[in-house]
Amino acid sequence: MVLSVDDILNGIDAYKEVKIEALNDTMYLRPLSKGEWERTNSIRQEALGDYTTNEKAKALSRTQRVANIESQLKFNIKENNDADFKAQTEAIYLSLDNPGYGDNHPSRDDIKMLPPNVFSELYEKVREISGISDEFTDVSLEDDVDDFPQDG
């Protein structure tokens, strides 16, 4: 049987009962859609600073050129942490908005009041059931380090 687009899109409404070790109980979670995940990424990226690059080049001849590149990044760590927390809260909120809770799912404010270990575990479970992996943790750098040229 070939799935229709509606069947595929309804997959995000297929909530699951997920064991939360920090609570020693279960909660209903649903996977996030690509659009929802991108919305949480947009929230996270709101706090990224300004990055500017200026290149000054001076031609000495047709084949030689001297270039001076200046880069500057303005980054506010507090704003970045706040945006990351807001994005994670939104991801958990969207996942908890499912038929398992009806209209009684936890609010964003309720989610913000969770103990840190519960909050972190919920966020990881949302990522897991949504099929979201962290590109950087999936890559082993050991082979790259072993292959790095040695001095001498």
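Note that the coordinates shown come from a computational prediction; the quantities given were computed from them, not determined experimentally.

When we look at a pair of aromatic rings, we describe it by the centre distance and by the angle of the planes. Taken as a whole and assessed by the stated rule, the structure comprises four aromatic pairs. Relative to Tyr28, the ring of Tyr15 has its centre 5.3 Å away and its plane inclined at 85°; by these criteria the two rings are edge-to-face. Separated by 13 residues along the polypeptide, Tyr15 in the loop between helix H1 (5-9) and strand S1 (16-20) and Tyr28 in strand S2 (residues 25-29) bring together distant segments of the chain. Under the relative-accessibility criterion, Tyr15 is labelled partly exposed at 36%. Tyr28 gets classed as partly exposed once you look at its relative accessible area, which sits at 29%. An aromatic cluster is present here, built from Tyr15, Tyr28 and Tyr101 joined pairwise through their rings.

So, about the packing of helix H3 (residues 77-96) against helix H5 (residues 116-129). Closest axis-to-axis distance for the H3/H5 pair is 9 Å, and the angle between their directions is 65°. H5 is crossed by H3, and the crossing has left-handed handedness. Where H3 approaches H5, its residues Phe85, Gln88, Thr89, Ala91, Ile92 and Ser95 are matched on the opposing element by Phe119, Leu122, Tyr123, Val126 and Ile129. A breakdown of the residues in the contact of H3 with H5 according to their chemical character gives eight nonpolar, three polar and no charged.

Procedures and definitions
Residues numbered from 1 in each chain as written. Predicted model: local features only at pLDDT ≥ 70, side-chain atom pairs only at ≥ 80, totals over all residues. Heavy atoms only, no water. Phe/Tyr/Trp six-rings, centres within 6.5 Å; stacked < 30°, edge-to-face > 60°. Helix = DSSP H or I, 4+ residues; strand = E, 2+ residues; numbered from the N terminus. Buried < 20%, exposed > 50% of the residue type's maximum accessible area, 1.4 Å probe, protein only. Axes fitted to C-alpha atoms, helices over the stretch in contact; angles between N-to-C directions. Left-handed = near helix turned anticlockwise from the far one by under 90°. Contact = heavy atoms within 4.5 Å. Nonpolar A, V, L, I, M, F, W, Y, C, P; charged D, E, K, R; others polar.

Note that all results are geometric; they support no functional claim without further evidence.
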